[in-house]
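Architecture at a glance
What follows is each chain in one-letter form.
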Amino acid sequence: MNMARIFAVILIIGGVIGLTYGSFSYTKETHTADLGSIELSMKDRRTVNVPIWAGVAAIAIGSAFLLYGWRSREI
């Protein structure tokens, strides 16, 4: 399997996952304080929305690479 097909499959899978879930969240440690023997830390949960157009574009571009591949033209 050449690199164009691997890249195309990754794009298609990523586009399908983006359309299926629509968003993902992660936890970020935002503030830490040490007050003697007491440690305080704040964790902030953030959500990132994946636009529908990005999922559709990834599937379309992946499909184009899968069908046509990267063809180099020698002159």
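Described in the following lines is the structure provided in the data block. Computed from a predicted model, the values in this text were never measured in an experiment. (Residues numbered from 1 in each chain as written. Predicted model: local features only at pLDDT ≥ 70, side-chain atom pairs only at ≥ 80, totals over all residues. Heavy atoms only, no water.)

So, on to the overall build of the protein chain. In terms of regular secondary structure, the protein chain is built from two helices and two strands. When the helices and strands of the protein chain are placed in sequence order, the string is α-β-β-α. Surface exposure of the protein chain reaches about 6400 Å², of which carbon and sulfur atoms provide 61%. (Helix = DSSP H or I, 4+ residues; strand = E, 2+ residues; numbered from the N terminus. Areas by Shrake-Rupley, 256 points an atom, 1.4 Å probe, with all protein chains shown as cover.)

The tally for this structure, following the rule as stated, stands at one aromatic pair. Each ring, one from phenylalanine 7 and one from phenylalanine 65, has its centre 5.6 Å from the other, and the planes form 50°; the classification is tilted. Within this pair, whereas phenylalanine 7 is found in helix α1 (residues 3–21), its partner phenylalanine 65 is found in helix α2 (residues 52–68), the two being separated by 58 residues in sequence. Take phenylalanine 65: its relative accessible area is 18%, and that puts it in the buried class. (Phe/Tyr/Trp six-rings, centres within 6.5 Å; stacked < 30°, edge-to-face > 60°. Buried < 20%, exposed > 50% of the residue type's maximum accessible area, 1.4 Å probe, protein only.)

Below, the discussion takes up α1. With 19 residues, α1 should reach 27 Å at 1.5 Å per residue; the first-to-last C-alpha distance of 27 Å fits that figure. If you check which residues of α1 are buried, you get Ala4, Ala8, Gly15 and Gly18. On an axial view of α1, the arc spanned by its buried residues comes to 95°, and they lie on one face. Counted as exposed and oriented over 90 degrees from the buried face of α1: Met3, Ile10, Thr20 and Tyr21. On its buried face, α1 is in contact with α2. Directly after α1, the chain includes glycine 22, whose backbone phi takes a positive value near 80°. (Expected span 1.5 Å × (residues − 1). Arc of directions from axis to C-beta. Contact = heavy atoms within 4.5 Å.)

Let us now look at the packing of α1 against α2. With their axes 7 Å apart at the nearest point, α1 and α2 run at an angle of 155° to one another. Considering the angle they form, α1 stands roughly antiparallel to α2. You can see that α1 and α2 cross each other, and the crossing is left-handed. Here α1 contributes Ala4, Arg5, Phe7, Ala8, Val9, Leu11, Ile12, Gly15, Val16 and Leu19 to the contact with α2, which in turn contributes Ile52, Gly55, Val56, Ala58, Ile59, Ile61, Gly62, Ser63, Phe65 and Leu66. The class makeup of the residues in the contact of α1 with α2 is 15 nonpolar, four polar and one charged. (Axes fitted to C-alpha atoms, helices over the stretch in contact; angles between N-to-C directions. Parallel < 35°, antiparallel > 145°, perpendicular 65-115°, else oblique. Left-handed = near helix turned anticlockwise from the far one by under 90°. Nonpolar A, V, L, I, M, F, W, Y, C, P; charged D, E, K, R; others polar.)

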